[in-house]
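# Survey of secondary and tertiary structure
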Amino acid sequence: MQATPSLMNLFLLRKLPAAYFCGVRVKLIDENSCVTSVKHRWINQNPFRSMYFAVQAMAAELSTGALVFDEVARSKAKISIIITANKSEYHKKATGRITFSCRDRLLIRQAIRDAIDHNQPQQIWLKSTAVNQQNELVSESHFQWSIKLKSPPLNLP
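Summary of the structure given here. Along each chain, residues carry numbers from 1 onward, in the same order as the chain's sequence is written. In view of the model being predicted, local features appear only for residues whose pLDDT reaches at least 70, and side-chain atom pairs are presented and counted only at 80 or more, with totals across whole chains, interfaces and linings using the full set of residues. Here the side-chain values reflect all heavy atoms present in the structure, with hydrogen atoms and water set aside.

## Details of the sheet that holds strand 6 (residues 137-149)
- As summarised here, the arrangement of the 6 strands in space is 1-2-4-5-6-3, forming an open sheet in which the pairing is antiparallel. Looking at strand neighbours, the two that pair on one side only are strand 1 (25-29) and strand 3 (79-90), the edges of this open sheet. Strand-to-strand twist across the sheet, computed as the mean angle between neighbouring axes with direction ignored, equals 25 degrees.
- Here 3 bridges tie strand 4 (residues 97-102) to strand 5 (residues 122-131), and the two strands are oriented antiparallel to one another. Paired with Thr99 across the bridge in strand 5 is Val131. For two strands to be treated as a pair, DSSP must find no fewer than two bridges joining them. In this description a helix means any DSSP run of H or I spanning at least four residues, a strand means any run of E spanning at least two, and both kinds are numbered starting from the N terminus. Angles shown run from 0 to 180 degrees and are taken between the N-to-C directions of axes, each axis being a line fitted to C-alpha atoms and, for helices, limited to the stretch in contact.

## Concerning the pairing of strand 6
- Only protein chains enter the accessibility calculation, which uses a 1.4 Å probe; a residue whose area is less than 20% of its type maximum is buried, one above 50% is exposed, and one in between is partly exposed. Buried residues dominate strand 6, accounting for 10 of its 13 residues.
- Here strand 3 runs beside strand 6; their pairing, made up of 11 bridges, is antiparallel. From the neighbouring strand, Ala85 faces strand 6, where its bridge partner is Gln144.
- Pairing analysis gives 10 bridges linking strand 5 to strand 6, with the strands arranged antiparallel.

If you want it as structure tokens, here you go:
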């Protein structure tokens, strides 16, 4: 089944309620990218009148993770995924609606193919870029995903 914003937001509610209740939502997931969004509100603020960095990290991670989940599902292979590292740079105060975009689907697809073909874990860095309503860069986040085949494919005659 192909991932849709509605399915991903339902997943968020069931499996990551903290992100859901802070207002993180998937807005778009297509053949190239995933876009998530969150609006600065009382529940996700910091003492400095902007969005708490952890809320930004949740939205950024989801923009990469939704693509990883979708590509794993499309592969029909039994694959383990986990984030092994992350780093972020914050350039501007996060106020108003912040939109996070990841455009690395092809990189994910290739890593999954390599994990299956070579039966070796793959490490890939995925980037999420956040902009505000004025299209100004707010932050850049990078997540290292580990992709590993759970069991090698059967080589039946």
